[in-house]
Amino acid sequence: MSKFLLLILGMSIVTYIPRLLPFLFIDKSFSKKFERFLLYIPPTALGALIIPGAFEAIPNMPLISIIGLGFALLYSWFRGGLIVSVLGSILVVFIGIYIKGGLI
Amino acid sequence: MEKSLKEIKEGMASGLPIVIGYFPIAMAFGILSKTVGLTLNESVLFSLLVFAGASQFMALNLISLGVGVGEIILTTLLVNFRHFLMSASISRKIKKEFKRWLSLIAFGITDEVFSVASFKKGTLNKNFMLSLQLVTYLSWVIGTGFGFLIGNILPTILKNSMGIALYAMFVAILVPEAKKSKEILILSLLSGLINLSLKFINILPKGWNIIISIILASSVGLLLFKKGEKNHE
């Protein structure tokens, strides 16, 4: 087996097992407290997925990243909807980079 | 029949922002994997079997540095362990009658699928989950092959602009929820701030800043909002 094939198989196993394990306990009921802990994971995960990574979304242009995210923030606050937020912030960033004149 | 069709449509539509976000990243992976010395088959197999963006890029980086296979696999385990928390959370939201499908659903629990699915109203059904995951998976796998074969065809400015896509999606998922709930607002900000601080402290192994942030902030939530919950009872 080639070195890369071994690597791919190994990586797929160690990625899959943590994703699978919790589903084996789907029938088990946990304490109220633990259930509540699990409910808090979506917002805390999102918080940590956004901060600080999002500010480095556009390499070396934190300000343009922030302006792009600002569009998503404002649009989703007032209107809601993922697709427009995503496409709009891509467009805003595109214009930002274009104006800055770099990276073309 | 009509109901499942509706669920499938809903899943695919919910996956669209992820599809847009994944494609250019997957292309970049395909392009980079070629320069590191993978064949087309290996590159696509990577995305087919691993389906975890950050760790796939990390692996390419480590390969080019000459790091051994065992060490890369171990690092992958550490980096992707956050999905354990995400699967644990989402498993409480999935209808139990879909047990047969859970091992398949588990395969596709990425950060992005988790984020979209866990804020969907109500319980999660099999058709929604699988179609959401299928479209994102296809984007990831096809993007990889596309990148490998066709290479750098996207203009740099477009590629760079698209780097904002998944973050914009995370923001757009979170904001309406944070607007409605002070708990969500506080906990997400807290978790982000912990993650930011951990980045500066820089002592944890790769991938563990986010795990510690999630665990700490969620535990603070248990302490902070206990009273509120009792009042509701």
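The structure contained in this document is the topic of the report that follows. (Residues numbered from 1 in each chain as written. Chains lettered and ligands numbered in written order. Predicted model: local features only at pLDDT ≥ 70, side-chain atom pairs only at ≥ 80, totals over all residues. Heavy atoms only, no water.)

## Looking at the interface of chain B and chain A
Threshold: Every residue pair with non-hydrogen atoms within 4.5 Å of one another is taken to be in contact. What counts as buried area is the accessible surface, traced by a 1.4 Å probe, that two parts surrender upon association, with contributions from both included. Whenever Lys or Arg places a side-chain nitrogen within 4 Å of a carboxyl oxygen from Asp or Glu, that contact is recorded as a salt bridge. Contacts described as polar in this section are N or O atom pairs within 3.5 Å, which, within protein, must combine one atom able to donate a hydrogen with one able to accept it, while residues neighboring in sequence count only if both atoms come from side chains. The way it works is that DSSP assigns letters per residue, a run of H or I at least four long becomes a helix, a run of E at least two long becomes a strand, and they are numbered from the N terminus. Throughout, the ten residues Ala, Val, Leu, Ile, Met, Phe, Trp, Tyr, Cys and Pro are labelled nonpolar, Asp, Glu, Lys and Arg are labelled charged, and all others, Gly among them, are labelled polar.
On the side of chain A, 70 residues touch chain B, which itself brings 91 residues to the contact. In total, chain B and chain A occlude about 7300 Å² of area from one another, counting both sides; carbon and sulfur atoms represent 77% of this. Three residues, Arg92, Ile157 and Ile164 of chain B, lead the burial of chain B against chain A; their summed loss comes to 10% of the area buried on that side. Linking chain B with chain A are 3 salt bridges. In this structure, Lys199 of chain B engages Glu56 of chain A in a salt bridge whose closest nitrogen and oxygen atoms are separated by 2.5 Å. Counting the contacts that link chain B with chain A gives 20 residue pairs in polar contact (both at pLDDT 80 or more). Counting residues per element, the side of chain B that touches chain A draws most heavily on helix H10 (residues 165–180) of chain B, which supplies 12 residues. Here the side of chain B that touches chain A is composed, by residue class, of 56 nonpolar, 25 polar and 10 charged.

## Focus: the environment of Gly108 of chain B
Residue and element names in this part refer to chain B. As for its placement among the helices and strands, Gly108 is situated in the loop between helix H6 (102–107) and helix H7 (111–118). The spacing of Gly108 and Thr76 is 32 residues in sequence and 16 Å in space, taken between C-alpha atoms. Not counting residues up to four positions away in its chain, the partners in contact with Gly108 are Phe51, Val113 and Gln133.

## Describing the packing of helix H4 (residues 82–100) of chain A against helix H1 (residues 2–36) of chain B
Relative placement of two packed helices is described by the angle separating their axes and the distance separating the axes. Convention followed: As a rule, the C-alpha atoms of each element are fitted with a line to give its axis, helices using only the stretch in contact, and angles between N-to-C directions run from 0 to 180 degrees. If an angle is under 35 degrees, it is roughly parallel; if it is over 145, roughly antiparallel; if it lies from 65 to 115, roughly perpendicular; otherwise it is oblique.
Their axes nearest at 8 Å, the elements H4 of chain A and H1 of chain B cross at an angle of 20 degrees. On the basis of their axis angle, the class for H4 of chain A and H1 of chain B is roughly parallel. Contacts between H4 of chain A and H1 of chain B involve Leu82, Ile83, Val86, Leu87 and Ile90 of chain A on the former and, on the latter, Leu16, Pro17 and Ile20 of chain B. In terms of residue class, the contact of H4 of chain A with H1 of chain B is made up of 8 nonpolar, no polar and no charged.

## Notes on the nonpolar core
Where we set the bar: We call a set of buried Ala, Val, Leu, Ile, Met, Phe, Trp, Tyr and Cys residues a nonpolar core when their side-chain atoms join them within 4.5 Å. Each residue is assigned to one of three classes by its accessible area relative to the maximum for its type, calculated with a 1.4 Å probe on protein chains only: buried under 20%, partly exposed between the two thresholds, exposed over 50%.
Residues Phe23 and Ile41 of chain A together with Ile90, Ile94, Ile109, Met129 and Met169 of chain B are the most contacted members of the largest nonpolar core, which totals 71 residues. Ignoring sequence-local partners within four residues, the contact set of Ile90 of chain B consists of Phe23 of chain A together with Ile109, Phe114, Ala117, Ser118, Leu124 and Met129 of chain B. Among the nonpolar cores identified, the runner-up in size contains 19 residues, and Phe4 and Met11 of chain A together with Ala52 and Leu62 of chain B belong to it.

## A look at the packing of H1 of chain B against helix H8 (residues 126–150) of chain B
Residues and elements named next belong to chain B. Going by this rule: Crossing chirality is assigned from the near helix's rotation relative to the far helix, an anticlockwise turn below a right angle marking it left-handed and a clockwise turn marking it right-handed.
Contact geometry of H1 with H8 gives a least axis separation of 5 Å together with a crossing angle of 25 degrees. Classified by the angle between their axes, H1 and H8 sit roughly parallel to one another. Considering the relative orientation of H1 and H8, their crossing is right-handed. By residue class, the composition of the contact of H1 with H8 is 18 nonpolar, 13 polar and 3 charged.

## Focus on helix H3 (residues 62–78) of chain A
Our working definition: Between the first and last residue of a helix there are one fewer steps than residues, each counted as 1.5 Å, and that sum is the expected span. The arc refers to the directions leading from the helix axis to the C-beta atoms.
The end-to-end C-alpha distance of H3 of chain A is 24 Å, a good match for the 24 Å that 17 residues give at a rise of 1.5 Å each. Among all positions in H3 of chain A, only Ile64, Ser65, Gly68, Leu69, Ala72, Tyr75 and Ser76 of chain A are buried. Down the axis, H3 of chain A shows its buried residues gathered within 135 degrees of arc, on one side only. Pointing more than 90 degrees away from the buried face of H3 of chain A are the exposed residues Leu63, Leu74 and Phe78 of chain A. At its buried positions, H3 of chain A is contacted by H4 of chain A together with H10 of chain B. Count one or two residues on from H3 of chain A and you reach Gly80 of chain A, which has phi positive near 80 degrees.

## As for empty space enclosed by the protein
Residue and element names in this part refer to chain B. To be explicit about the condition: Using protein atoms alone on a 1 Å grid, points that fit a 1.4 Å probe yet trap it form a cavity, whereas open point sets bounded by protein on both sides within 12 Å along at least five of seven lines form a pocket; residues with an atom within 4 Å of a point count as lining. Grid points are joined across faces, edges and corners, and a volume is the space filled by probe spheres set on the points.
Applying the stated criterion across every chain yields a total of 1 cavity of 30 Å³ or more. The computed volume of the largest cavity comes to approximately 30 Å³. Surrounding the largest cavity, Pro24, Met27, Ala28, Ile31, Gly151, Asn152, Ile153, Leu154 and Lys159 form its lining. Top contributing element to the lining of the largest cavity by residue count: H1, with 4 residues.

## Considering unusual backbone geometry
As a rule of thumb, non-glycine residues mostly have phi less than zero, and peptide bonds are mostly trans rather than cis. Residue and element names in this part refer to chain A. Note that the residue after Ile51, namely Pro52, is joined by a cis bond; omega there is 0 degrees. Here Pro52 is to be found in the loop between helix H2 (32–50) and H3. At Asn60, a residue that is not glycine, the phi angle is positive and equals roughly 65 degrees. Here Asn60 is to be found in the loop between H2 and H3.

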